[in-house]
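# Inside the fold
Here's the letter readout for the chains.
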Amino acid sequence: QVQLVESGGGLVQAGGSLRLSCAASGRTFSTYAMGWFRQAPGKEREFVAAISWSGGSTYYADSVKGRFTISRDNAKNTVSLQMNSLKPEDTAVYYCAADRRPLTMLLHGRTPEYEYWGQGTQVTVSS
């Protein structure tokens, strides 16, 4: 069982930056693939980024590639999402997710079928 708690959301102007963090409970965090998803009002939840258990593989949605960076610290049981050059269309609730399966079984992290989810943190980008 893994519990996930996101933090770091807030209000930022377009062009600004935010760093989201996801703290995970449990001693087996280092064996989980991790992902970030987001959901804007009236829209479906969409994939943002994913990272393998070792941190050696990362995947990004085309809409955030080059602006967002996912990373993890297995010693601290955390995964982060550094978001730069934010745009109003990045406004959404951002969710952290974890799964025991490797990313290759999760469509390189893109499927929403992760085992565990956090409660989400709101990111609002003003124009």
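All values derive from a computational prediction rather than experimental measurement.

### Considerations on the sheet that holds strand β3 (residues 18–24)
- Pairing within the open sheet is antiparallel, and its 4 strands lie in the order β1-β3-β8-β7. One side of each edge strand has no neighbouring strand; the edge strands of this open sheet are β1 (4–7) and β7 (68–73). Put simply, the sheet's adjacent strands are angled 15° from each other on average, direction ignored.
- Where β7 lies against strand β8 (residues 78–83), 6 bridges are found, and the strand directions are antiparallel.

### Considerations on the state of the cysteines
- For the coordinates displayed, the defined rule picks out 1 disulfide.
- Paired by a disulfide, C22 and C96 hold their sulfur atoms 2.1 Å apart. Looking down the S-S bond of the C22 and C96 bridge, the torsion is -80°, so its handedness is left-handed. Of the two residues, C22 sits in strand β3 while C96 sits in strand β9 (residues 92–99), which places them 74 residues apart along the sequence.
- C22 sits in the buried class, given a relative accessible area of 0%.
- Exposure remark for C96: the relative accessible area of 0% places this residue in the buried category.

What counts as what
Residues numbered from 1 in each chain as written. Predicted model: local features only at pLDDT ≥ 70, side-chain atom pairs only at ≥ 80, totals over all residues. Heavy atoms only, no water. Pairing = 2+ DSSP bridges. Helix = DSSP H or I, 4+ residues; strand = E, 2+ residues; numbered from the N terminus. Axes fitted to C-alpha atoms, helices over the stretch in contact; angles between N-to-C directions. Disulfide = S-S within 2.5 Å. Buried < 20%, exposed > 50% of the residue type's maximum accessible area, 1.4 Å probe, protein only.

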